[in-house]
Amino acid sequence: LGPGIDTLFALISVVLPSGRRPIKEEAKMIGYVTIGTTDMEKAKGFWTELLEPLGAKVLMDIGRIAFVGESMEKPILALCTPFDGEEPHRGNGNMLAFPAGSREKVDEFHARALALGASDEGAPGERMPGFYGGYIRDLDGNKAVFYQMG
C-alpha cells in the first residue's frame, strides 16, 4: 500500500481531529472506499463541493491520498494518486452510491455534479420500481449514483 500507510492507519485508529481517543471500536460494513485521480487538487475540490450538503470536508490529507467525509467515524471517500505511478483506472462495474434522502435531492445532486464538471451517465429517473437514481462520472471518469429507495 505504500510508505506512510501504517502511520495513516495508526492516526485513524488512535487520534481523531477532535482530539478524542481512542475511536470506539464497532463493526462497520464500509470504512472507506478509494478512487483514483490524476489531479488531487481538482478531485478534492470536486468531491468536497459536491458532497458539502452532506457535511463532507477533507478530513485528512497526506499528499497522495486524501480522505473526504463527515467524520472519521463514518464511511469516507478516499481520493488517491496510484502508488505505482501508473494512471488510475476506472472499473467497469465499479460505482459509488450515495443515498440522497429524497427524489428531489437526487435531482439536486445530479445537477450539482454536472455544474461542477461531471459528465452525465444517466439523468435522474426511476430505474426499477422503488429505485430512483441519477448517474454521473467525476472528473477522472469514476462512476457514481445518487439514489433514493422507495
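We now turn to the structure provided with this report. Computed from a prediction, not measured in an experiment: that's the story for all the values here. Here the residue numbers are simple positions, counted from 1 along each chain's written sequence. Predicted model: local features are reported for residues with pLDDT of at least 70 only, side-chain atom pairs are reported and counted for 80 or more only, and whole-chain, interface and lining totals are derived from all residues. Only hydrogens and water are removed before side-chain values are computed, so all heavy atoms of the structure are retained for them.

Working definition: helices are DSSP H or I runs of at least four residues, strands are E runs of at least two. Numbering for both runs from the N terminus. Secondary structure assignment for the protein chain yields three helices and eight strands. Put simply, the protein chain runs from its N terminus to its C terminus through helices and strands in the order α-β-α-β-β-β-β-α-β-β-β. Across the 150 residues of the protein chain, 38% fall into the buried class. Once local pairs closer than 6 in sequence are excluded, the contacts in the protein chain between residues at least 24 apart make up 50%. Counting every atom, the protein chain has about 8,700 Å² of accessible surface; 54% of that belongs to carbon and sulfur. Each residue's exposure class comes from its accessible area (1.4 Å probe, protein chains only) as a fraction of the maximum for that residue type: buried when under 20%, exposed when over 50%, partly exposed otherwise. What makes two residues a contact is simply this: any of their non-hydrogen atoms within 4.5 Å. Calculation of accessible area relied on Shrake-Rupley with a 1.4 Å probe; when residues are assessed, cover is drawn exclusively from the protein chains displayed.

With that settled, consider the sheet that holds strand β5 (residues 96–99). Taken together, the four strands give an open sheet; going across it, the order is β5-β8-β7-β6, and neighbouring strands pair in mixed fashion. In this open sheet, the two strands that pair with only one neighbour each are β5 and β6 (119–128). Averaged over all adjacent pairs, the angle separating strand axes in this sheet is 20 degrees, with direction ignored. The sheet contact formed by β5 and strand β8 (residues 143–149) spans four bridges and is parallel. Among the inter-strand pairings, A97 is bridged to a residue of β8, identified as V145. Paired strands, as defined in this entry, are two strands with at least two bridges between them according to DSSP. Axis lines are fitted through C-alpha atoms, for helices just across the contact stretch, and the angle between N-to-C directions can take any value from 0 to 180 degrees.

Let us look at the sheet that holds strand β3 (residues 65–69). In spatial order, the strands read β1-β4-β3-β2; together these four strands make up an open sheet with mixed pairing. Each edge of the open sheet is held by one strand with a lone partner, namely β1 (32–36) and β2 (57–61). Taking the axes of each pair of neighbouring strands and ignoring which way they run, one obtains an average angle of 30 degrees across the sheet. By the bridge criterion, five bridges tie β1 to strand β4 (residues 76–80) in an arrangement that is parallel. The residue of β4 that forms the bridge with Y32 is I76. Those strands touched by helix α2 (residues 40–51) are β1, β2, β3 and β4, and its axis lies near 160 degrees from that of β4.

Taken as a class, soluble globular proteins show a tendency for nonpolar side chains to be buried jointly. Counting 23 residues, the largest nonpolar core has W47, L50, L51 and L79 as the members making the most contacts within it. Contributing elements (two or more residues each) for this core: α2, β3, β4, β5, α3 (103–115), β7 (131–137) and β8. At six residues, α2 tops the list of elements feeding residues into this core. Side-chain atoms within 4.5 Å are what join buried Ala, Val, Leu, Ile, Met, Phe, Trp, Tyr and Cys residues into a set we call a nonpolar core.

Summarising the element assignment, Q148 is placed in strand β8. Polar contact is defined as a pair of N or O atoms within 3.5 Å, subject to the rule that within protein one atom must be able to donate a hydrogen and the other to accept it, and that residues adjacent in sequence are counted only when both atoms are side-chain atoms. For Q148, the side chain forms a polar contact with the main-chain nitrogen of S102, separated by 3.0 Å. Not counting residues up to four positions away in its chain, the partners in contact with Q148 are G101, S102, R103, V106, G130, F131 and Y132.

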